[in-house]
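Chain residues, written in single-letter form:
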Amino acid sequence: MRVSSTGGRRPLDRRTFLTATTAMLAADAAHAIVPADTRQLYQAAFDALLQRSPETATAYGFDTGPRAGLKQRLDDRSPDNRLGLYQAIVDAAPGISRAPSHSGPRDEIFRATALWLAEAVRPFAGFRYGAMSGSTYPVPYVVSQTEGAYQGLPDFLDTQHVIADRADAEAYLDRLAAFGPAMDQQTEKMKLDAAAGAAPPDFLLDRTISQLQSFQTLQHGPGAPLVASLVRRAREKGIAGDWSPRAQQLVDGPIAAAAARQIALLQGLRPGARQAAGVGALPDGAAFYEACLKFHTTTGLTPDAVHRIGLEDAARVSDQAKQILSSHGLGGM
């Protein structure tokens, strides 16, 4: 399972940098760095982004005040929402591109960032498989040994869903109630992807099935982490109530049932699974890879060019290592 080392809000690593930059559109717009009409455009896009991804609102602390209702919801993981929060940026891009250009350098950075994001994610709407993992970066399989609600949501609920009062504890239960349906949305997406020829290879299916079974075992019965997190933090804040039975009922009921359905689908895919790894074996796999490469590197480099750079860097580092070892009399190792 994924483990957070932050114990709180989402860390600003390379996988979340672009999302955080998008959040800055609204934060700085509030300080009047751009004209009012453009600020309204950015603000509307930002509000739409948060509505599409309540989990992002929680991760960056925007689930308070007038947006407190977002704390009760999870992201939409349905097949129709494969672009996740980025759909809001794609929808806003035409208006942003038509907005008057202003002299402020920060305004131009925001404008360029939003338009680049829209251009980079738009191709993924055209593939018959894949989605944005956690509304952050593209993946070919919505459930795998590293992806899926079963992987990300337990850590999200434990480390990012703040519990400071009774309303927060009730919102935690609301999100537990939405956990099973979130898994079912991804199960449905996997069915469609498999029908499009994009089921995971056999070794990934094996690992994913094993980890889902571990998830079932870990989250079953007394002491289940999803239950213990709520109970512990409510007690620490002095929030009265017996939270365990309600949470346990959701974990042992809808969540366990959704996990069982997901395992059954994966097991059904296993007999006909391919052995080949890599998206190159998928329909339009080369195009999918190239789109992922552009998104992750923000360059126009081709896959062959990136591979060549990697080989050259590996050779350079290897030569440096040999020289260092040799200077210490270890050249024969």
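Residues numbered from 1 in each chain as written. Predicted model: local features only at pLDDT ≥ 70, side-chain atom pairs only at ≥ 80, totals over all residues. Heavy atoms only, no water.

Novice: Give me the packing of helix α6 (residues 149–159) against helix α7 (residues 166–195): which residues, what numbers.
Specialist: Each packed pair of helices is defined by two parameters, the angle between the axes and the distance between the axes. Here α6 crosses α7 at 165°, and the two axes come no closer than 10 Å. It follows from the interaxial angle that α6 and α7 lie roughly antiparallel. Pair α6 / α7 crosses with right-handed handedness. Facing α6, whose interface residues are A149, Y150, L153, P154, F156 and L157, α7 presents Y172, R175, L176, F179, A182, M183 and Q186. Partitioning the contact of α6 with α7 into residue classes produces eleven nonpolar, one polar and one charged. (Axes fitted to C-alpha atoms, helices over the stretch in contact; angles between N-to-C directions. Helix = DSSP H or I, 4+ residues; strand = E, 2+ residues; numbered from the N terminus. Parallel < 35°, antiparallel > 145°, perpendicular 65-115°, else oblique. Left-handed = near helix turned anticlockwise from the far one by under 90°. Contact = heavy atoms within 4.5 Å. Nonpolar A, V, L, I, M, F, W, Y, C, P; charged D, E, K, R; others polar.)

Novice: Requested: an account of helix α8 (residues 202–218), with residues and values cited.
Specialist: Side chains of residues three or four places apart in an α-helix project in the same direction, reflecting 3.6 residues per turn. Taking 1.5 Å of rise per residue, 17 residues should cover 24 Å, and α8 covers 24 Å from first to last C-alpha, within 8% of that figure. Along α8, the positions that sit buried rather than exposed are D202, L204, L205, T208, I209, Q211, L212 and F215. Contact partners of the buried residues in α8: α6, α7 and α10 (243–269). (Expected span 1.5 Å × (residues − 1). Buried < 20%, exposed > 50% of the residue type's maximum accessible area, 1.4 Å probe, protein only.)

Novice: How would you sum up unusual backbone geometry? Please name residues and give values.
Specialist: With a phi angle near 55°, D284 is a residue other than glycine that sits in the positive phi range. Tracing the chain through its elements places D284 in the loop between α10 and α11 (285–297). Residue class for D284 comes out exposed when judged on its relative accessible area of 54%. A positive phi angle, near 60°, is found at T298, a position not held by glycine.

Novice: Lay out the confidence of the model for the chain with the relevant residues and their values.
Specialist: Looking at the chain as a whole, its pLDDT mean stands at 88, while 87% of the residues score no less than 70. For the stretch residues 1–15, pLDDT sits under 50, and the model shows 37 contacts to residues farther than four places along the chain or on other chains. (pLDDT = per-residue confidence, 0-100.)

Novice: Give me the lowdown on the side chain of Q186, citing residues and values where you can.
Specialist: Tracing the sequence through the fold places Q186 in helix α7. When sequence neighbours within four positions are dropped, the list of residues in contact with Q186 reads R77, V142, V143, G148, A149 and Q262.

Novice: Lay out empty space enclosed by the protein with the relevant residues and their values.
Specialist: Under the defined criterion, the tally for this structure stands at one cavity of 30 Å³ or more. Space inside the largest cavity adds up to approximately 50 Å³. Every residue along the wall of the largest cavity is listed here: P140, Y141, V142, V143, M190, D193, A198, A199 and P200. (1 Å grid on protein atoms, 1.4 Å probe; cavity = no way out; pocket = protein on both sides within 12 Å on 5 of 7 lines; lining within 4 Å. Points joined across faces, edges and corners; volume = space filled by probe spheres on them.)

Novice: Give a description of the packing of α6 against helix α9 (residues 225–236) that names residues and reports values.
Specialist: Running from N to C, α6 and α9 cross one another at 5°; their axes reach a closest spacing of 10 Å. The angle between α6 and α9 places the two elements in the roughly parallel class. Of the residues in α9, those in contact with P154, L157 and D158 of α6 are L226, S229, R232 and R233. Classifying every residue of the contact of α6 with α9 gives three nonpolar, one polar and three charged.

Novice: Please set out helix α12 (residues 303–327) residue by residue, giving values where relevant.
Specialist: Given a rise of 1.5 Å per residue, 25 residues ought to cover 36 Å, and the 36 Å separating the end C-alpha atoms of α12 matches this to within 8%. In the segment just after α12, G329 is the residue with positive phi, at about 70°.

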